[in-house]
Amino acid sequence: MFSKRTLRSAVGGSGVALLAVTAALVAVAMPSAHAADTPLRTLAEAKGIYMGTALMANELTGTSASIASTQFDEVTPGNEMKWDTVEPTQGTYNWGPGDQIVSFAQQHGMQVRGHNLVWHSQLPNWLTSGSFTNTQVHDLMIKHVTDEVTHYKGKVIHWDVVNEPFNEDGTYRSDIWYNQIGQSYIADALTAAHAADPAAKLYINDYNIEGENAKSNAMYNLVKSLKQQGVPIDGVGFQAHFILGQIPSDFEANLQRFADLGVDVAVTELDVRMNTPATAANLQQQASDYTKVVDDCLGVSRCQGITVWGFNDATSWVPSTFPGQGAATPYDENYQPKPAYYAIQTALGGSGSTTPPTSPPTTPPGGGGACTVGYATNEWSTGVTANITVTSASAVNGWTVVLTYPGGSRTVTQAWNATVTQNGSTLTAKNLSYNGTLAAGGSATFGFNANWSGSDPKPSGATLNGTACTVS
Ligand code: 9MR
């Protein structure tokens, strides 16, 4: 099941406490556009990886918040943790925007990828035009890294410590860091970040390193040398800003050669851009491209997860940077899932369809009693994904399933295909508009994600519209 990877908690430590005290009664339902799908995050977790998205502070309400929190279990702030936002004036920190993303993540059981600490871009003017000496630049970098990682200690699980250090030909990028500190800035930044939060996983992140080429060779040699020197480097982020139909055929092999150096790998900023307006054929090609990326990550046991760089075409960075191109993400500008969304879903082991199963089994499982409740879980140290199938011997028009637990403490954070309310050790699931009618012998499936502590036993009892069911 989770053979190759350590399944990580999808919940930040403080998020657990927050949810436990606030959520005595929870009601959650999926947005209707994809209500019948098992969320990507659930499928990803079952495969031992995370499924992330970039998100900006102005996307934390409404439809975008609802899709992001339902479908994804990791968030990368699009801009809110970059130097120009965090330290707009020397030594004065503006944590507000980044904190907003972190608390959204905690409320929804999502991990946070910190992005980023040392980069050539989005630097404040005071730094770039400050005429600092080389030593001063070094000390400013160390202080910024230390202060930011300390501020988010325990809240950010992955950090892009150094972003985009290389040119396309594999030489070091000529920026303030390399020019004034030399290549040792990379080891120094990693070392400072590790000192500030020894538990955070520290990455170097870059684009156009997905296939084997001069740039990825340079990254490979850097990581190899850092490992040999004992510098705290945990992973390499492959941004994966792709052009339609141009996913490198050796992406998986390249991920594997980095993994073989003893580091984790992750797809950190995935999108696949095309000329706009998109054609149906191009959307299908894009779906194949997304499938390949998911397959490539799943093929490498040290691939920790995949983050899309924005989940919808409405807020993607692509059209403003590449005029005439766009449509790069899994959801369209109206927040409707595209073929790419279903491709990701399928590649992660889901059904890839919005249509709920309609053909009931010919024989009701469970020996033909009034109803059966199949209860299957994927459980990790603090969380659980439960998938439930209720089968009714007789036809019903509208269903309410009550699950009674013998103990344990759980807090539901997400639900799909049902509205789930919680009261102590009782969970009540009611059908949504499209799946309330069951023929005799028919089934409905629904599920939820929950945080738990102490223990997480299966339900000891279940009812369907008040009638006792067999729990299996
Ligand atoms: O998505 C970010 C966009 O909103 C900013 O305008 C842009 C400025 O450079 O940065 C975007 O994110 C970049 C990321 O931080 C690093 N890799 C490339 C991404 C796309 O430019």
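The chain appears in an unreviewed UniProt entry as Beta-xylanase from Actinacidiphila yanglinensis. Listed under Sequence similarities (unreviewed entry) in UniProt, the entry text for the chain is "Belongs to the glycosyl hydrolase 10 (cellulase F) family."

Colleague: Where do I start with the packing of aromatic side chains in this structure?
Modeller: Any aromatic ring pair is given by two values, namely how distant the centres are and how the planes are angled relative to each other. Going through the model one piece at a time under the given rule, you end up with 18 aromatic pairs. Between Y172 and Y178 the ring centres are 5.0 Å apart and the planes differ by 10 degrees, which places this aromatic pair in the stacked class. Judged by its relative accessible area of 18%, Y172 is buried. Arranged with centres 5.2 Å apart and planes meeting at 85 degrees, the rings of F238 and F258 form a pair that is edge-to-face. Here the residue F238 occupies a position in strand 7 (residues 235–238), and F258 occupies one in helix 11 (residues 251–259), the gap between them amounting to 20 residues. Each member of the pair, F238 together with F258, is buried. Three or more aromatic residues joined by ring pairs form one cluster here, namely F72, F311, Y331, Y335, Y341 and Y342.

Colleague: For this particular structure, what's the right way to read the state of the cysteines?
Modeller: What we call a disulfide is simply a covalent bond connecting the sulfur atoms of a pair of cysteines. Under the criterion given, the structure shown has two disulfides. Each sulfur in the disulfide pair C297 and C303 lies 2.1 Å from the other. One quick way to see it: the torsion about the S-S bond of C297 and C303 is about -100 degrees, and its sign makes the bridge left-handed. Taking the relative accessible area as the measure of exposure, C297 reaches 0% and is therefore buried. The class of C303 is buried, set by a relative accessible area of 0%. The disulfide partner of C371 is C469, and the gap between their sulfur atoms is 2.0 Å. The chirality of the disulfide connecting C371 with C469 is left-handed, given an S-S dihedral of about -95 degrees.

Cut-offs and rules
Residues numbered from 1 in each chain as written. Predicted model: local features only at pLDDT ≥ 70, side-chain atom pairs only at ≥ 80, totals over all residues. Heavy atoms only, no water. UniProt positions renumbered as here; feature names shortened; annotations may be inferred. Phe/Tyr/Trp six-rings, centres within 6.5 Å; stacked < 30°, edge-to-face > 60°. Buried < 20%, exposed > 50% of the residue type's maximum accessible area, 1.4 Å probe, protein only. Helix = DSSP H or I, 4+ residues; strand = E, 2+ residues; numbered from the N terminus. Disulfide = S-S within 2.5 Å.

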